[in-house]
Amino acid sequence: MQMRLASSIIVKREKLVVAETYDIAIIGGGMVGLAFACGLSTMQLAKQLKVVIIDSNPTLKSTVHFKKDELPDPRVSTVTPATISFLKEVGAWEYVEQQRHAFFNQMQVLFNTNAFLVYIWENNAGICVVENKVLCSSLLSSLQECPMDDQSAVASSDSISEWSNLSSAVKLGLSDGQSLYAKLVVGSDGAKSQVREIAGIKTTGWNYTQSAVICTVEHSIENHCAWQRFLPSGPIALLPIGDRFSNIVWTMTPKESSNHKSMSKDDFVKAVNHALDYGYGSHPKMSFLDEYIRRISSISGQGTVSMAEPFEVPPIVTDLVSERMAFPLSLRHASEYASKRVVLIGDAAHAVHPLAGQGVNLGFSDAAALSKVINEGLQAGADIGEISLLKKYEKERMAANVTMMAILDGFQKAYSVDLGPLNFLRAAAFHGAQYIAPLKKNIISYAMGEQKWPLFL
Ligand SMILES: Cc1cc2nc3c(=O)[nH]c(=O)nc-3n(C[C@H](O)[C@H](O)[C@H](O)COP(=O)(O)OP(=O)(O)OC[C@H]3O[C@@H](n4cnc5c(N)ncnc54)[C@H](O)[C@@H]3O)c2cc1C
């Protein structure tokens, strides 16, 4: 039977009937868990599954549209064209479009040697900055519009208190004393995943001894460009979020992050302007190296990208308009994404450094891949908790995620060490990429989530 997972159903079914049986229990209704539910709801057979989303987040019980005149939340994600296509397919993008979001089709990357790269995306195929709460509410709105089994539900719980493996299902006890059975448990419960821990899936990874300070800032003019500047302690990024607002993601040591969180608002604004523009030498100019590479690449017929775009100075930050939040950064990867009746998606499977804004984009690709594999399994008459089916998802996504993780970790390592004179070579290598069409195209396609391997790594 097909019915809408309407908000009335969400509220009505908030209390679970004791020990109800579901096809799928999604533990964690963050961006990736909701995206997976949306993915299922658009598949011919998977949409008939009886699904429960378990999370204590109260916003899951209703949908809220965030007004464009509210100040932007500091938690934002850069979403790639690949993610936007997925969000369109599952019907969530139309809700994002009704709320605040900001496309940018130009990004300026400045290295601490004063070398710079300018990326320009053509045909409006830019990257979009969206507040995380807007992504969640849009996915939820889409779920409410999609045909799903009328027994599907949202349950409020922040932890699993009991887990028993039975032959055809897992029995779960929830923190509020309720229990349920599920043929498949999907762990979308973030980097500290309890599902992963209970399933005994090990992780490899390390802490970066870096934290990211994030916040929303205001300028006196509208900002349509993204900037990233690599500083000795880590990169600072300025991402447009619409109107005169931008989001700051500033990586630094944990001690620096607590200082920057507690300093006065005025001092913080000064520090941001200093980091983005002043304080690390004069503005980059066309150098002899630029001119040399430009000539070589135009001789080799590299077309329009052989010309250097001028470096633009970031707009001055005039005010801090949100709280400052700090996140310790780490890399973590699950040794397996699937075991019997359990599968991991999103940060539960892989957590990456935010320097290239790829984390949730990888998670959305997991959500798309897993819903497709489950639908194909149903078409073939398989048990959706069967490990051989779930391993198809693992095989597809692990290769892509590990590649991206290696690239991001390489970036992080290359830019966290001050190599003195080698900085020049490091910058020159990247600088050269600016002028070599296939290389530049490759870097751009990597940033856009097209999952091609950058040639320079
Ligand atoms: C500073 C910073 C900037 C970032 N910027 C970007 C960016 O620009 N682009 C990008 O792609 N990515 C970015 N990321 C990464 C991105 O935020 C994560 O990849 C994304 O949030 C992962 O989503 P998720 O749904 O897998 O996990 P989460 O967002 O962590 O959601 C997990 C959900 O599970 C729930 N939960 C947890 N445990 C339980 C439990 N036991 N029972 C029930 N529910 C539970 C939580 O309440 C939560 O709702 C950034 C990360 C950081 C730290």
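Residues numbered from 1 in each chain as written. Predicted model: local features only at pLDDT ≥ 70, side-chain atom pairs only at ≥ 80, totals over all residues. Heavy atoms only, no water.

Worth spelling out the cut-off: UniProt positions are given in the numbering used here, feature names are shortened, and annotations may be inferred rather than shown by experiment.
With an unreviewed UniProt entry as reference, the protein is termed Ubiquinone biosynthesis monooxygenase COQ6, mitochondrial, source organism Apostasia shenzhenica. Recorded in UniProt for the protein, the comment headed Subcellular location (unreviewed entry) runs: "Mitochondrion inner membrane". Recorded in UniProt for the protein, the comment headed Sequence similarities (unreviewed entry) runs: "Belongs to the UbiH/COQ6 family."

## Some details on the pattern of salt bridges
We count it as follows: Should a side-chain nitrogen of Lys or Arg be within 4 Å of a carboxyl oxygen of Asp or Glu, the pair is scored as a salt bridge. Helix numbering and strand numbering both begin at the N terminus, where a helix is a DSSP run of H or I of at least 4 residues and a strand a DSSP run of E of at least 2. Residue burial is assigned from relative accessible area. The probe radius is 1.4 Å, only protein chains are included, and a residue is buried under 20% of its type maximum, exposed over 50%, and partly exposed in between.
Using the criterion set out here, one finds 12 salt bridges in the structure. D23 is paired through a salt bridge with K183; the nearest N and O atoms lie 2.9 Å apart. Linking D23 in strand β2 (residues 20–27) with K183 in strand β13 (residues 179–187), this pair joins segments that are 160 residues apart in sequence. Since its relative accessible area comes to 14%, D23 is described here as buried. On the basis of relative accessibility, which here comes to 34%, the residue K183 falls in the partly exposed class. The closest approach of N and O atoms between D319 and K265, which form a salt bridge, is 3.5 Å. With D319 in strand β18 (residues 317–320) and K265 in helix α8 (residues 265–276), the pair connects residues that are 54 residues apart, well separated along the chain.

## Side note on the sheet that holds strand β5 (residues 101–104)
Rules: Two strands qualify as a pair provided DSSP detects at least 2 bridges between them. The angle between two axes is taken between their N-to-C directions and runs from 0 to 180 degrees, where each axis is a line fitted to C-alpha atoms and a helix contributes only its stretch in contact.
With respect to topology, three strands assemble into an open sheet ordered β4-β8-β5, the strand pairing being antiparallel. The open sheet has two free edges, formed respectively by β4 (76–79) and β5, since each of these has just one partner strand. Across the sheet, the axes of successive neighbouring strands diverge by a mean angle of 20°, strand direction being ignored. Here β4 runs beside strand β8 (residues 127–131); their pairing, made up of four bridges, is antiparallel. Looking across to β8, one finds that T78 is bridged to V129.

## Describing the UniProt feature "transmembrane region" (unreviewed entry) in the protein
Per the UniProt entry, the sites bearing "transmembrane region" (unreviewed entry) are residues 21–43 in this numbering. Helix and strand shares over residues 21–43 are 48% and 30% respectively, and the end C-alpha atoms of the span are 21 Å apart.

## Observations regarding the site of the ligand
Operational definition: The cutoff for a nearby residue is simple: one of its non-hydrogen atoms must lie within 4 Å of the molecule or strand. Whenever two N or O atoms come within 3.5 Å, that pair is a polar contact, provided that in protein one can donate a hydrogen and the other can accept it, and provided that, for residues adjacent in sequence, both atoms are side-chain atoms. Where accessible areas are quoted, they stem from the Shrake-Rupley method and a 1.4 Å probe; at the residue level, only the protein chains shown are allowed to cover. Under the scheme applied, nonpolar residues are Ala, Val, Leu, Ile, Met, Phe, Trp, Tyr, Cys and Pro; charged residues are Asp, Glu, Lys and Arg; polar residues are all the others, including Gly.
Taken together, 29 residues form the shell around the ligand, and within it D55, T78, Q194, D347 and V360 come nearest. Within the backbone of M31, one N or O atom sits 3.5 Å away from an oxygen atom of the ligand. Within the complex, 82% of the 1000 Å² of free accessible area of the ligand lies under protein. Counting residues per element, the ones that place at least two in the shell around the ligand are α2 (31–41), β4, β14 (203–219) and α10 (359–379). Across the shell around the ligand, the residue classes break down as 10 nonpolar, 14 polar and five charged.

## As for the side chain of H350
What counts, and what does not: The criterion used for residue contact is that any of the two residues' heavy atoms lie within 4.5 Å.
Tracing the backbone through its elements, the reader meets H350 in strand β22 (residues 350–351). At 2.6 Å, the side chain of H350 and the side chain of D366 are in polar contact. Beyond its immediate stretch of four places on either side in the chain, H350 contacts R332, H333, Y337, G359, L362, G363, D366, N401 and M405.

## What to know about the packing of aromatic side chains
Rules: For Phe, Tyr and Trp, where Trp contributes only its six-membered ring, two rings pair if their centres lie within 6.5 Å, and the inter-plane angle classes them as stacked under 30 degrees, edge-to-face over 60, or tilted in between.
Taken as a whole and assessed by the stated rule, the structure comprises four aromatic pairs. Where F86 meets F364, the ring centres are 6.3 Å apart and the plane angle is 35°; that geometry is what we call tilted. Taken together, the residues F86 in helix α3 (residues 81–89) and F364 in helix α10 connect sequence positions 278 residues apart. By relative accessible area, F86 is classed as buried at 8%. In this structure F364 comes out as buried when scored by relative accessible area, which is 1%. Relative to F103, the ring of W93 lies with its centre 6.3 Å away and its plane at 65°, an arrangement referred to as edge-to-face. Highlighted residues: W93 in helix α4 (residues 93–97) and F103 in strand β5, separated in sequence by 10 residues. With relative accessibility at 2%, the residue W93 sits in the buried group.

## So, the pairing of strand β3 (residues 51–54)
In regular strands, side chains alternate between the two faces of the sheet. Selection rule: Convention used here: a crossover is right-handed provided that the path from the first strand, over the helix, to the second strand proceeds clockwise when the strands point away from the viewer.
The two faces of β3 match: V51 and I53 on one face and V52 and I54 on the other face are all buried. Relative to β3, β2 runs parallel, the two being bridged by four bridges. Bridge pairing in β3 links A25 to V52. Each parallel crossover has a hand, and the one from β2 via α2 to β3 is right-handed. Relative to strand β10 (residues 153–155), β3 runs parallel, the two sharing three bridges. Pairing of I54 across the sheet is with A155, part of β10.

## Details of the nonpolar core
In plain terms, the rule: The criterion is simple. A nonpolar core is a set of buried Ala, Val, Leu, Ile, Met, Phe, Trp, Tyr and Cys residues joined through side-chain atoms within 4.5 Å.
In terms of nonpolar packing, the biggest core is built from 75 residues, with I24 and F36 touching the most fellow members. Per-element accounting of this core gives the leading share, eight residues, to α2. In contact with F36, not counting residues within four places along its chain, are I24, I26, V186, I345, A367, L370, S371 and I374. By size, the runner-up hydrophobic cluster in this structure holds 26 residues, among which are M107, V109, F111 and L329.

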